[in-house]
Amino acid sequence: MAVPEPTYGDFLRLDSLLSLPRESPDVHDAHFFFTVHQAFELLFKIILYELDATVAAVAADDIAVAVHCLRRVRSVEDVMVEQVATLETISPGSYALMRRTLGGASGLQSVQFREIECLSGLKRKNLLATLRMSGAERRRLERRLAEPSLWDEFQRLRARRGNPDLVKLYRSKVPVDEVTVLAEAMLDHDEGITMWRARHVLMVERVIGNSAGTGGSSGVSYLRATCERHFFPELWELRAEL
Ligand code: HEM
């Protein structure tokens, strides 16, 4: 008997994907709140996939591929920034009801978000000690902390090319050197996540004001401080030396 051709739904495994959202019978907005978080996690997954490819491309000296992947990363981050506005359709009153059901769960514990940070180059020492996560999530994060980040591979690339002085390269009015072109694509990614952080904190302020977060942080003031967490501080700082 001939095997039936896969349908659109089969290809996309929609049975599993669409059975995911959790609903809370008491709060209308819960379905929306959880589904939007899941949509963000899918976008984080795309970013991780493309960043893995970027790191491999830089290690292989294939700058065109690396820049191509980073362009996609930034375009996804632009979508993420826009997507935050959808959460502002949750009224503060409705969120106040919903947060009673969240316990200590928070985006603070998004392991994929931490993986994006680590894979880019931001590896905070106490990360494993401070996060609540499953055993499988811990193993993923341990792997990310151990493996070379994009920043590490960028440094190796520079070394292979005789350690050119970045400040000198940046004096060129148009970035033509491959190292500078890559550095600017990396900065686009760093900026994309920072824009997301800034948009997220503004939304949080609108929804919960200055109350503490469900994850145990001070909330808005903690999130404002995270906007200073750059992946590639050296690339931001060298501008002042031109
Ligand atoms: C009404 C919606 C939301 C509110 C009120 C909110 C609130 C917060 C607060 C207060 C924090 C600080 C940590 C803590 O909980 O103490 C936080 C962190 C975070 N949230 Fe949200 N959030 C919302 C939606 C989202 C969504 C949809 C995502 C997407 C996955 C998300 C991702 C994150 C991430 C990644 C962090 C950690 C930031 C960091 O530590 O660098 N949040 N959120």
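Our subject in this report is the structure included herewith. As the structure is a prediction and not an experimental result, all values here were calculated from the model.

### Focus: the coordination of the iron atom of the ligand
Here is step 1: Just one protein atom donates to the iron atom of the ligand; it is His200 (NE2), sitting 2.2 Å from the metal.
Here is step 2: For His200, the position within the fold is in helix H11 (residues 178-208).

### What about the packing of aromatic side chains?
Here is step 1: Considering all chains together, one arrives at 10 aromatic pairs under this definition.
Here is step 2: On the numbers, 5.6 Å between centres and 65° between planes, the contact of Phe33 with Phe34 is edge-to-face. A single burial state applies to Phe33 and to Phe34, both of which are buried.
Here is step 3: Relative to Trp196, the ring of Phe40 lies with its centre 6.1 Å away and its plane at 65°, an arrangement referred to as edge-to-face. Here Trp196 lies in helix H11 and Phe40 lies in helix H3 (residues 29-59), a separation of 156 residues in the sequence. Each of the two residues, Phe40 as well as Trp196, counts as buried.
Here is step 4: Ring pairing ties together the aromatic residues Phe40, Phe44, Phe113 and Trp196, which thus form one cluster.

### Some points on the site of the ligand
Here is step 1: Around the ligand sit 27 residues, and of these Ser106, Arg114, His200, Ser217 and Tyr222 come closest.
Here is step 2: Between the ligand and Arg114 there is a distance of 2.7 Å, counted from an oxygen atom to a side-chain nitrogen or oxygen.
Here is step 3: Between the ligand and Thr214 there is a distance of 3.4 Å, counted from an oxygen atom to a backbone nitrogen or oxygen.
Here is step 4: Residue assignment for the shell around the ligand shows that the elements contributing at least two residues are H3, helix H6 (111-120), H11 and helix H12 (220-226).
Here is step 5: A per-element tally of the shell around the ligand places H11 first, with six residues.
Here is step 6: Taken together, the residues of the shell around the ligand sort by class into 13 nonpolar, 11 polar and three charged.

### A short note on the nonpolar core
One broad rule of soluble globular proteins: the nonpolar side chains tend to lie buried together.
Here is step 1: Formed by 59 residues in total, the largest nonpolar core has its most connected members in Met80, Phe154, Leu182, Met186 and Leu235.
Here is step 2: Listing elements by their share of this core, those giving two or more residues are H3, helix H4 (63-87), helix H5 (92-99), H6, helix H9 (150-160), helix H10 (166-170), H11 and H12.
Here is step 3: Once residues within four sequence positions are removed from consideration, Met186 is found in contact with Leu70, Leu150, Trp151, Phe154, Phe232 and Leu235.
Here is step 4: Counting six residues, the second largest nonpolar core, distinct from the first, contains Val111, Leu127, Leu131 and Met133.

### Thoughts on the packing of H3 against H9
Each pair of packed helices can be summarised by the angle the axes make with each other and by the distance between the axes.
Here is step 1: Where H3 contacts H9, the two axes come as close as 9 Å, and the packing angle between them is 15°. By the angle between their directions, the pair H3 and H9 is classed as roughly parallel. Of the two elements, H3 crosses H9, and the hand of that crossing is left-handed. When H3 is examined against H9, the residues Leu51, Thr54, Val55, Val58 and Ala59 are found in contact with a partner set consisting of Leu150, Glu153, Phe154, Leu157 and Arg160.
Here is step 2: Of the residues assigned to the contact of H3 with H9, the class counts are seven nonpolar, one polar and two charged.

### Let's talk about the pattern of salt bridges
Here is step 1: Scanning the entire structure with this criterion turns up 20 salt bridges.
Here is step 2: One salt bridge connects Arg74 with Glu191, and the closest N-O pair in it is separated by 2.8 Å. Here the residue Arg74 occupies a position in helix H4, and Glu191 occupies one in helix H11, the gap between them amounting to 117 residues.
Here is step 3: On the basis of relative accessibility, which here comes to 31%, the residue Glu191 falls in the partly exposed class.
Here is step 4: In this structure, the salt-bridge partner of Arg161 is Glu178, at a minimum N-O distance of 2.8 Å. Here Arg161 is found in the loop between H9 and H10, whereas its partner Glu178 is found in helix H11, with 17 residues between them in sequence.

Calculation rules
Residues numbered from 1 in each chain as written. Predicted model: local features only at pLDDT ≥ 70, side-chain atom pairs only at ≥ 80, totals over all residues. Heavy atoms only, no water. Donors = N, O, S within 2.8 Å, 3.2 Å for Na, K, Ca; no water. Helix = DSSP H or I, 4+ residues; strand = E, 2+ residues; numbered from the N terminus. Phe/Tyr/Trp six-rings, centres within 6.5 Å; stacked < 30°, edge-to-face > 60°. Buried < 20%, exposed > 50% of the residue type's maximum accessible area, 1.4 Å probe, protein only. Near = heavy atom within 4 Å. Polar contact = N/O pair within 3.5 Å; in protein donor to acceptor, adjacent residues only side chain to side chain. Nonpolar A, V, L, I, M, F, W, Y, C, P; charged D, E, K, R; others polar. Core = buried A, V, L, I, M, F, W, Y, C linked by side-chain atoms within 4.5 Å. Contact = heavy atoms within 4.5 Å. Axes fitted to C-alpha atoms, helices over the stretch in contact; angles between N-to-C directions. Parallel < 35°, antiparallel > 145°, perpendicular 65-115°, else oblique. Left-handed = near helix turned anticlockwise from the far one by under 90°. Salt bridge = Lys/Arg side-chain N within 4 Å of Asp/Glu carboxyl O.

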